[in-house]
Amino acid sequence: MSARPDRTPLPRSFFDRPVLTVAPDLLGRTLVRRTTEGSLELRITEVEAYEGGADPGSHAYRGRTPRNASMFGPPGHAYVYFIYGMWFSLNLVCGPPGRASGVLLRAGEVIVGADLAAKRRLSARNPRELAKGPARLATALDVDRSLDGTDLCDDPESPLSLLTGTATPADLVSNGPRTGVGGAGAAHPYRFWITNDPTVSPYRAHAPRRRAT
């Protein structure tokens, strides 16, 4: 019989480390999302790391803007952005304040509140698809820009928090290029996932968007 996931909140020091150390260490951890309708919990199964000014694939590569300000810290906060005019994506800020870096939560297993997630993800064909991909994850957990900058560490009643969960052993972690990242950041092997987990999203190489004619 396997041990129950650890319910201890992760401290800020967990996030105050290099992003390529934090990213694989997030796999198997438990993300808690508290809403007015009830709480949901997600076992994290897939992530992508972004190194800020050192990473051409990062939103912070060209410096600080109003949109990406949360990426510059402090660590242990959320960075939420809107993409393609349709979807939100949830990132966890890492590293020391002033040095932008973060981990995109790409996929997970909804382990508490699947009924609430299913109401938001009507197109999901089964529970494995509720949070299979960053836009689906954000939709299932009711994440939008109002959560940008949320502190995950100090308030036990915060809309978002992270529990120790069950860390994934290194031999069960795979990594490879990030999904949909083009240009100089395309080859960075900064995507990490739990090997053979059914909730992990499929890899897709970058495809340039067509301009309207």
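Residues numbered from 1 in each chain as written. Predicted model: local features only at pLDDT ≥ 70, side-chain atom pairs only at ≥ 80, totals over all residues. Heavy atoms only, no water.

Asker: I would appreciate a short explanation of the overall build of the protein chain in the present structure.
Answerer: Counting secondary structure elements, the protein chain contains four helices and nine strands. When the helices and strands of the protein chain are listed from N to C terminus, the series reads β-α-α-β-β-β-β-β-α-α-β-β-β. The C-alpha radius of gyration computed for the protein chain amounts to 16 Å, which stays within 12% of the reference 17 Å derived for 213 residues, consistent with globular compactness. Its C-alpha atoms give the protein chain principal-axis dimensions of about 50 × 40 × 40 Å. For the protein chain, the proportion of its 213 residues judged to be buried stands at 47%. Across the protein chain, contacts joining residues at least 24 apart in sequence account for 63% of those joining residues at least 6 apart. Looking at the protein chain as shown, the accessible area adds up to about 10700 Å², and 53% of this sits on carbon and sulfur atoms. For the protein chain, the distance from the average site of its 27 positive side-chain charges to the average site of its 21 negative ones is 8 Å. (Helix = DSSP H or I, 4+ residues; strand = E, 2+ residues; numbered from the N terminus. Rg over C-alpha atoms; globule rule 2.2 N^0.38 Å. Buried < 20%, exposed > 50% of the residue type's maximum accessible area, 1.4 Å probe, protein only. Contact = heavy atoms within 4.5 Å. Areas by Shrake-Rupley, 256 points an atom, 1.4 Å probe, with all protein chains shown as cover. Lys, Arg positive; Asp, Glu negative; His and termini not counted. Charge placed at Lys NZ, Arg CZ, Asp CG, Glu CD.)

Asker: Is there a simple way to think about unusual backbone geometry in this case?
Answerer: For residues other than glycine, phi is negative in most cases, and the peptide bonds are mostly trans. Of note, the amide linkage connecting G73 to P74 takes the cis form, showing an omega dihedral of 5°. The residue P74 is located in the loop between strand 3 (38–50) and strand 4 (78–83) in this model. A positive phi angle, close to 55°, is found at D142, a residue other than glycine. Mapped onto the fold, D142 is located in the loop between helix 4 (134–140) and strand 7 (160–165). For N196, which is not glycine, the phi dihedral falls at a positive 65°. Mapped onto the elements, N196 comes out in the segment after strand 9 (191–194).

Asker: I keep staring at the packing of aromatic side chains and nothing clicks. Help me out?
Answerer: Both the distance between ring centres and the angle between the ring planes are used here to describe each pair of aromatic rings. Tallied over the entire structure, the rule returns three aromatic pairs. Centre to centre, the rings of F14 and F15 are 5.3 Å apart; their planes meet at 80°, and the pair counts as edge-to-face. For F14, a relative accessible area of 7% corresponds to the buried category. Judged by relative accessible area, F15 falls into the buried class, the value being 1%. The side chain of R17 reaches across the aromatic face of F14, ending 4.6 Å from its centre. The ring centre of W193 lies 4.2 Å from the NZ or CZ of R191, which sits over that ring. (Phe/Tyr/Trp six-rings, centres within 6.5 Å; stacked < 30°, edge-to-face > 60°. Lys NZ or Arg CZ within 6 Å of the ring centre and 35° of its normal.)

Asker: How should I be thinking about the nonpolar core in this particular structure?
Answerer: Nonpolar side chains tend to gather and get buried jointly when the protein is soluble and globular. By size, the foremost hydrophobic cluster in this structure holds 40 residues, and its most contacted members are L26, L31, V47, L90, L105 and L162. Looking at this core element by element, the count peaks at five residues for strand 3. Not counting the four nearest positions on each side in its chain, L26 is found in contact with F14, I44, V47, L92, V103, L105 and L162. (Core = buried A, V, L, I, M, F, W, Y, C linked by side-chain atoms within 4.5 Å.)

Asker: Is there a simple way to think about the pairing of strand 4 in this case?
Answerer: Within a regular strand, the side chains alternate between the two sheet faces. Judged from the six bridges that link them, strand 4 and strand 5 (residues 87–93) form a sheet pairing that is antiparallel. Within the sheet, the bridge partner assigned to Y81 lies in strand 5 and is S89. Counting the residues that bridge the hairpin from strand 4 to strand 5 gives three residues, and of these Y84 lies at a positive phi of roughly 60°. (Pairing = 2+ DSSP bridges.)

Asker: How should the environment of P18 be read in this particular structure?
Answerer: With respect to the helices and strands, the residue P18 is situated in the loop between helix 1 (12–15) and helix 2 (19–25). Residues P18 and F72, spaced 54 residues apart in sequence, show a C-alpha to C-alpha distance of 13 Å.

Asker: Please clarify how the pairing of strand 5 should be interpreted in this entry.
Answerer: The buried fraction of strand 5 is high, at five of seven residues. Examined bridge by bridge, strand 5 and strand 6 (residues 102–112) share three bridges and lie antiparallel to one another. Pairing of L92 across the sheet is with V103, part of strand 6.

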